[in-house]
Amino acid sequence: MSWNGGVFFMMNTQSSATKKVNVRRMTVIGVLSAISIMLSMIPGIGYIPIGPTNATIMHIPVIIGAIIEGPIVGATVGFIFGLTSLLKALTAPTVTSFAFMNPLVSILPRVLIGILTYYIYELVMKVTKRVYVSGLVAGALGSLVNTVGVLSMIYILYAGRFAEACGASASAAGKFIFTIGTTNGIPEAIVSALVVSAVVVSLKKVIKR
């Protein structure tokens, strides 16, 4: 094989590999986005009513997408998650829906889940070299990115109004929002850690084959 022929063969191989990766990423985005939309439409599953607020498991597909296929896939699935939250606030409003009608509350933190979780996983993986532990940590912290991100934006933009809508005093908004964060955020983080670690271990084995 000539030098030019060898270069052409290498370029062609790299192009084929890139196409396979892109197709796989698009497939993962499609599947996880579909799961997110389906979860958002099933009452009491994707969004779980707890008093005037909702707990959620919607961040789990975002975290899995970020770990398996990187921050772009994670951010895209996170955007879908955020979009379902925005649409839910517009089409089935509750006393706190006004906050989620703002994309800074409903969409931005969910996009950040997909970006930050990827780097958290990679960092822990470099230290531990263990997929299960890395998935466990990334699952928990990715969930907390959602909780802290959403509630921080609510506190900055709507603290008093949000507290009053939930029946609390505007002067105690910070304490009230923190209580929501711990009540909803800790169980969400535990569930996310366990589910994400198990799924990631299984998917990583499949991808290696």
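You'll find the structure just up there.
Calculation notes
- Residues numbered from 1 in each chain as written.
- Predicted model: local features only at pLDDT ≥ 70, side-chain atom pairs only at ≥ 80, totals over all residues.
- Heavy atoms only, no water.
- Helix = DSSP H or I, 4+ residues; strand = E, 2+ residues; numbered from the N terminus.
- Buried < 20%, exposed > 50% of the residue type's maximum accessible area, 1.4 Å probe, protein only.
- Contact = heavy atoms within 4.5 Å.
- Areas by Shrake-Rupley, 256 points an atom, 1.4 Å probe, with all protein chains shown as cover.
- Pairing = 2+ DSSP bridges.
- Expected span 1.5 Å × (residues − 1).
- Bend = angle between axes of the 7 residues up to and from the residue.
- Core = buried A, V, L, I, M, F, W, Y, C linked by side-chain atoms within 4.5 Å.
- Axes fitted to C-alpha atoms, helices over the stretch in contact; angles between N-to-C directions.
- Parallel < 35°, antiparallel > 145°, perpendicular 65-115°, else oblique.
- Left-handed = near helix turned anticlockwise from the far one by under 90°.
- Nonpolar A, V, L, I, M, F, W, Y, C, P; charged D, E, K, R; others polar.

Student: For the overall build of the protein chain, give the residues involved together with the corresponding values.
Tutor: In terms of helices and strands, the protein chain carries eight helices and two strands. Listing each helix as α and each strand as β along the protein chain from the N terminus yields α-β-β-α-α-α-α-α-α-α. The proportion of buried residues among the 209 residues of the protein chain is 42%. Restricting the contact set of the protein chain to residue pairs at least 6 apart, pairs at least 24 apart contribute 69%. For the protein chain, the accessible area works out to roughly 11100 Å², and carbon and sulfur atoms hold 72% of it.

Student: Can you break down unusual backbone geometry residue by residue, with the values?
Tutor: A positive phi angle, near 65°, is found at Lys129, a position not held by glycine. With respect to the helices and strands, the residue Lys129 is situated in the loop between helix 6 (108-128) and helix 7 (131-165). You can call Lys129 exposed: its relative accessible area is 62%.

Student: Quick one: what's the story with the pairing of strand 2 (residues 53-56), residue by residue and with numbers?
Tutor: Two elements, strand 1 (residues 47-50) and strand 2, share four bridges in a ladder whose sense is antiparallel. Within strand 2, the position partnered with Ile48 by the bridge is Ala55. What sits between strand 1 and strand 2 in their antiparallel hairpin is a turn of two residues, with Gly51 showing a positive phi close to 65°.

Student: Could you give an account of helix 3 (residues 71-91), with specific residues and numbers?
Tutor: The terminal C-alpha atoms of helix 3 lie 30 Å apart, and with 21 residues this matches the ideal 30 Å at 1.5 Å per residue to within 8%. What helix 3 keeps buried is the set Pro71, Val73, Gly74, Ala75, Val77, Gly78, Phe81, Gly82, Thr84, Ser85, Leu86 and Ala89.

Student: Got a sec to walk through helix 7? Specific residues and values, please.
Tutor: Here helix 7 spans only 43 Å end to end across 35 residues, well under the 51 Å set by a 1.5 Å rise per residue. Tyr158 marks where helix 7 bends most, by close to 105°. Positive phi shows up at Gly167, right after helix 7, with a value of about 90°.

Student: Account for the nonpolar core, naming residues and giving values.
Tutor: Grouped together as the largest cluster of nonpolar side chains are 23 residues, with contacts concentrated most on Ile67, Phe81, Ile113, Val196 and Val200. The element best represented in this core is helix 2 (residues 59-69), accounting for six residues. Excluding anything up to four places from it in sequence, Val196 contacts Ile60, Ile63, Ile64, Ile67, Gly135 and Gly139. Membership of the second largest hydrophobic core comes to 17 residues, among which are Phe98, Ala99, Phe100 and Ala173.

Student: Explain the packing of helix 6 against helix 7 residue by residue, including any values.
Tutor: Contact geometry of helix 6 with helix 7 gives a least axis separation of 8 Å together with a crossing angle of 150°. Relative to helix 7, helix 6 is oriented roughly antiparallel. When you trace helix 6 past helix 7, the crossing you get is right-handed. Its residues placed into classes, the contact of helix 6 with helix 7 shows 16 nonpolar, seven polar and one charged.

What is shown is where atoms sit, not what they do.
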